[in-house]
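Read off the chains here:
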Amino acid sequence: MFEKRRLSTAVSTAVGLAVSSFLPAVASAQEEMIEEVVVTGSRITAPGVVSSSPVASVSAAEIQYQQSPSFEFIMRGLPSTIPGDGSAVNNGTAGQATIDLRGLGPERNLVLMDGKRMTPFNYDGEVDTNTIPTALIERVDVITGGASAVYGSDAIAGAINVILKKDFEGVELDLGRTETGDNDGRTNWVNLTLGANVANDRGNVVLNVGWNERKSILLGDRDEGLLGIDSNTGGGYDDFLAGRAPTPPPAGCGGPDVVDITGSGSTTAIPTRFALVGYGPANGQFRDDGTIGSECSLFNFNPWNYFQTPNERYNATAVGHFDLTDAHSAYANINFANNSVVQQVAPSGTFGAAFMVPLNNAFLSDQARQYMINAGNDALAAGALNPEGLTNWDDTNGNGVVDDEDYLSMQLRRRTVELGGRTEEFDSDYFQMTVGMKGELGFLADWGYDVSFQYGESNLTTVRDGYTNLTNIQNALDSSDGVNCANGDSTCVPLNLFGGFGTITPEMAGYARAIALQRQEVEQTIYSLTFDGPVEFLTLPTADSPMAIAFGYEHRNEAGSLEPDECLKLAPASCQGGAGGNLLPIAGDYTVEEFFIEGFWPLIEGMTLVDELNFEYGWRTSDYTSVGTVDTWKLGLNWRPVDSLLVRVMQQEANRAPNVGELFSPVVTGLDNAQIDPCSVANAGNITPELEALCISTGMTAAQVGTVQDIVSNQINTFDGSDPGSPPDSEQAETFTAGIVWTPDFNFTDYLTLSVDYYDIDITDIIGEFSAQEVLNGCYVAAQASECAKIKRIGGDLTLPASGVELFTTNLDYLQAEGLDIGFNFGFTIGRWGNLDFSGNITHYLTQESQSSSITPVLDCKGFYGTSCDPLPETVWSQRTTWNIDNFTVSLNWMHFDSVDAEPPERAGLFAPFRSIDSYDYFDLFASYDFSWKGDFKVSLGVKNLTDEDPPIVGNDAGSTSFNNGNTFPSTYTVLGRIYTAGFNYRF
C-alpha cells in the first residue's frame, strides 16, 4: 500500500475549496489518515496544498436533494452557471446537455472526470453531460477563472471536475420518478451500483449501470405555449390573458392551427401565400376555393414544439484500481452511454422558396391564374419582373407579355401540415476509456508519477423527418395536366399547393417528403505523464515545508467529422424545406504537444499574522498543428494571517485554440436571428436618400427598396463556416480572482464559513461570428462598405435561397465577465430536535459585455435579455436550509433571479409589457427517511417549484430561437409548473 500521509481534513476541504451551498458541512480539524490530496486546479498532490483559485463543490448530499438523474439539473443550482443546451431547448438543440459557466459559452469551460478531460460529443468541443453517471458522483468541483496552465485549452471560464466514488463496497439500488402537477412530463430512472474490494483489499472495482427516461411536454400542453404571441405588437396577448383561443381567420381562409392575420404566427401558413420576387404589390394569399385575395392568415406553430424534449439514456461505468506493489498502482475508468433525444417543431413548408410554375397548371383556378398573369405584367411594366441576375419569367411563346403559356417564378409559402411535424431524432453512442499507473519513484523520496492513456469517441446519428423535398416539389409543380410531370419521371406526383388544407393528398405528400440522415463522429486520444514531489533544497528559512512541484508532458489529438446525406448537401438550402440551410462534409483534426510545470512554495509559516503564506505558479507551452505555439501561466498567493482566515489571489493567462468545427467548416447556408431588414417594406416610412443608396449598393433596384418583404419569424438567411480568407487563431484570456475564506469559531454555531471572491475574465480575439443584425446595422446605419459587402440579395430580397449575410467564424474583439461570488455555511445543534444547517451561494455580475469589432457597439448583457443576450440577472442566489433529526431530513432550497430588462437597442420595438421581467423566486422542498432494514433503505419525496410560479410572458420574438420558446425563456424560468419527485435508495 502507498505510504499514508497525515493531513488536516479542514485543510483539504474547507480551506482548499471555496464555500458552497452544496457543501453544507465543514469538517472538524481532527486529523485523519488519507492517501493523497487532489486539489482541483492543481496536479500537485502534496499535503497542505491549497488552491489560490476559488473552487465551489457540489456534494453527494446536494445531488440527492436535487432528485434528478441529469447532470444539467444538478449544476443549475449553482448561480455561476446559466442554461446551455438541454431538455428545455427544442428548436436549436443538438440533442445533448451542456454547461455554461459565467455566460461565456459551453465551449469555454472544460469538463473533467477525476481530473481527466472528457471526450466532446461534437466537433465544436462541447461535452454532453448526459454521459456523466450521476449515481457514482462523490462530488463536483467547479473552479473559477482560467485553468489552462493546469489542464490546457478551453479552461477559460473555469473547469468542472466530476469526482467519482472509488472505494465503494456493497450494492446500491436507486430508483426515482418525477411528474408534474399536470400529470405529464414524467421522468423515471434506475441506477444499480456494485462495488467490492479485491485481493485482500489491494484494490477495488465499482460497476454502475443506469437507465433514464424523460417524457415530452408540448407547448400546446401549457396555457402559455398554446398560441403564438407577437413580441413586437402584442398580437395574441389579450387572447392569452383572457384564456381564449386565438382569433380565427375569415371564412374560406382556414386550416389546422391557423389564426387571423392580426394575430401572431408564421407567414408560411395555410392557405398558400403567393409573391413575386422583388415585386411587393403582387403579394396575396389563396383561399380554400383556390382563388387569390389579400393576405388573411398566419400559422400558429407553437403547439407542435416541445417545452421538454423526450429522452432515453442507458449508461454503464466501471472504475477500478489495484495495488501492483506497495509502491505502484494501476487504475482504469471505462464509461459508455447511449443517449436518444427527439426534437419536434411545427410542420415543414415551402417557406418562400421560389418555384418556376407553368401558368397553365391544371390545379390553378381561373381566377388565380389571371391574378398571376396580371401581377406578372404589372411587374414587367415596372421593370421588376426580370431584375439583373434573376429570371422570374420564361416567355415561352415569345410574345413579350405574360400569359398562360408562360412560366412564372413565384414564391409559395405553404405550411405542409399533411406531412406531420418536423422531427430530428438524435441517437448518440459515447465511449471513453482511461488506463494508467501511478506510484512512487523509489530513487527520489516522496516523489510520485502518474502515467495515463485516454481514448474516447462519440458517434451521433441524426434522422431528420417530416421535411418537404424542395427538389421534388419543383418537379411536381411543373405539370400542365395534373397527372404527369414535365420531367417524365414516372414516380413524380403532381402537387397542388394552390389552395387550403387538404389539397395535398397522401400520394402527393409521399413524393414531396424528404427524410435525411447525418452522422457526426469525434475521436480524442491523450497520452499524459506527470511527476510531482518536494524540492527539499528550496525550503525557505521562514517556512517548514519545501517547494512542491509537478511537471510533465501531454499529447492530445482531436478529430471530428460530419457526413450528411446527399440531400442535405444541395445548395443553397438542401432539399429539405425549413431545414434552415444546407450541410457539407467536415473532416479535420489537430494535435497538440504540451509541456507543463507548476509549483506550490510555502514562503512563511508559523509567524505572527502570517500563519501561512504560499506562492503558487504554473506554466504550460502548447504546440498546435493548427495555430502554432501558445503559452499560458498562473501566479497566485494565499495568505493565512490566522488559522481562521484565508486570503487568496490568482492571476492567470488562459487560452482556447479553435476546435475542429471552427477550423474546418466549409461555407454553408443557415439561419440567424435578426430584428428587421432596413431596406424592406417594414421600414418603408424611414428610408432616406442615403439609406436608399446603401440598399442599392447591396444589389437592390430603386423600385425594390421599401417594397420587398421583411425577414420572416425574426430569422435571416446566413452564410456560415470558417472564414476562407482568415481562419481563426486562438483566443487569449487574462483572468484575475481575489477573495477570502473565513472560518471563525463561535460558540453560538457548530460551524461557520464565509467566502467572498471577485473574478474578472477578459478574453481577447474571441472566436465567433458577427450577428446578422450587426452586419445589417453596420451597412445600413454605419455605412461601412466592408459590412455592405457581406450582404447578398436575390431580387432585392433576403428571404430567398442563396440570399443572406456572411457570418464567417473569425476572431472578434473581446468578451468580459466580472463579478462577485459569496458563499456561506453555518449550522446549529438544537438539542433533541437535531441539527439545522444553512448554506448559500450568491453570484453578482458586475460586467458582462462583448464587442465584435471597433465599429460595432458594445453589447452589454448584464441584467438584460434579447436576441443577443439570454436572460442574465444581475444577482442570482441559491440558499438551502436543512433540518436533520435522527434518520429524518427535510431541506428547502430557495433560488432567486433578479429582474431583467430587454436589451436597450431592442426595447423600443417590443410590446410594452414585454420590455422587462420581474424578479423570480423558486422554492424546492425535499424530505427523506432512512430505514435500517437489512441495510440502509431510504425513501425520499420532494416538490419543486413549491409555489407553482408561472413563467414570464414575452412573446416568441424577444430572444434567440433556441432559448425563447413558447412565449418565454423555458431554460431559465420553469414552464412545467409544480413537479413532484419520489426516490427509493437501498444499500447493503
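Note on numbering: residues in each chain are counted from 1, in written sequence order. A pLDDT threshold of at least 70 governs which residues receive local features in this predicted model, and a stricter bar of 80 or more applies before side-chain atom pairs are shown or counted, although totals over entire chains, interfaces and linings include all residues. Excluding hydrogens and water, the side-chain figures rest on all heavy atoms present in the structure.

Another aspect to go through is the state of the cysteines. Only a pair of cysteine sulfur atoms within 2.5 Å qualifies as a disulfide here. Overall, the coordinates contain six disulfides when judged by the stated rule. Here Cys-485 pairs with Cys-492 through a disulfide, and the sulfurs are 2.0 Å apart. Residues Cys-485 and Cys-492 are joined by a disulfide whose S-S torsion is about -75 degrees; by sign, that bridge is left-handed. In terms of burial, Cys-485 and Cys-492 fall into one category: buried. The partner cysteine of Cys-567 in its disulfide is Cys-575, sulfur to sulfur 1.8 Å. Across the S-S bond linking Cys-567 and Cys-575, the dihedral sits near -70 degrees, which makes this disulfide left-handed. For the residue pair Cys-567 and Cys-575, the accessibility class agrees, reading buried in each case. With its bonded cysteines labelled in order along the sequence, the protein chain shows the pairing 1-2, 3-4, 5-6, 7-8, 9-10, 11-12. Categorising residues by exposure relies on relative accessible area from a 1.4 Å probe, with only protein chains included: less than 20% of the type maximum marks a residue as buried, more than 50% marks it as exposed, and the intermediate range marks it as partly exposed.

Now for the packing of aromatic side chains. Note on aromatic pairs: the rings of Phe, Tyr and Trp (six-membered ring only in Trp) are paired at centre separations within 6.5 Å, and the planes decide the class, stacked below 30 degrees, edge-to-face beyond 60, tilted for the rest. Per the counting criterion, the structure on display carries 32 aromatic pairs. Where Phe-453 meets Tyr-527, the ring centres are 5.1 Å apart and the plane angle is 45 degrees; that geometry is what we call tilted. Residue Phe-453 is located in strand β26 (residues 448-469), and its partner Tyr-527 is located in strand β27 (residues 513-535); the two are separated by 74 residues in the primary sequence. A centroid spacing of 5.1 Å and a plane angle of 50 degrees characterise the contact between Tyr-553 and Phe-595, whose relative ring orientation is tilted. A residue pair is termed long-range when its members are at least 10 positions apart, and Tyr-553 in strand β28 (residues 547-564) and Phe-595 in strand β30 (residues 586-607) qualify at 42 residues. The exposure class assigned to Tyr-553 is partly exposed, which follows from its relative accessible area of 29%. With relative accessibility at 47%, the residue Phe-595 sits in the partly exposed group. In this structure an aromatic cluster arises from ring pairing among Tyr-929, Phe-931, Phe-937, Tyr-986 and Phe-988. Residue placement shows Arg-464 over the ring face of Tyr-467; its charged tip is 5.7 Å from the ring centre. Secondary structure elements are defined from DSSP: runs of H or I of at least 4 residues count as helices, runs of E of at least 2 residues count as strands, and each element is numbered from the N terminus. A ring is scored as having a charge over it whenever the NZ atom of a lysine or the CZ atom of an arginine sits within 6 Å of its centre and within 35 degrees of its normal.

Spatially, three strands are ordered β44-β47-β48 in an open sheet, and the strand pairing comes out mixed. Both edges of this open sheet fall to β44 (864-865) and β48 (916-917), since each of them pairs with a single strand only. In this description, strands pair whenever DSSP reports at least two bridges between them. Judged from the two bridges that link them, β44 and strand β47 (residues 900-902) form a sheet pairing that is parallel. For Phe-864, the partnering residue across the bridge sits in β47 and is Asp-901.

Here the focus is helix α12 (residues 772-780). Within α12, eight of the nine residues are buried, leaving the element largely enclosed by the surrounding structure. All of the buried residues in α12 are Ala-772, Gln-773, Glu-774, Val-775, Leu-776, Gly-778, Cys-779 and Tyr-780. Only heavy atoms enter the contact rule, under which two residues are in contact if any of them lie within 4.5 Å. Turning to α12, the residues buried within the fold contact β34 (668-673), α11 (689-697), β35 (715-722), α13 (785-788), β39 (791-792) and β40 (804-811).

We define a salt bridge as a contact between a side-chain nitrogen of Lys or Arg and a carboxyl oxygen of Asp or Glu at a distance within 4 Å. For the structure on display, the rule yields 34 salt bridges. Arg-556 is the partner of Glu-558 in a salt bridge, and the nearest nitrogen-oxygen pair spans 3.0 Å. One exposure class covers both Glu-558 and Arg-556, and it is buried. The salt bridge involving Lys-792 is made with Glu-806; its shortest N-O contact spans 3.9 Å. Here Glu-806 lies in strand β40 and Lys-792 lies in strand β39, a separation of 14 residues in the sequence. A relative accessible area of 34% means that Lys-792 is categorised as partly exposed. One continuous salt-bridge network, built from bridges that share partners, spans Glu-107, Arg-108, Arg-656, Glu-662 and Glu-731.

Strand order across the open sheet formed by five strands is β3-β8-β9-β6-β7, with mixed pairing between neighbours. Two strands lie at the open edges of the sheet, namely β3 (55-59) and β7 (116-117), each paired on one side alone. Strand direction decides the pairing type here: β3 and strand β8 (residues 137-144), joined by five bridges, are antiparallel. Across the sheet, Ser-57 pairs through a bridge with Asp-141, a residue of β8.

Functional significance is not addressed by these values, which are geometric in nature.
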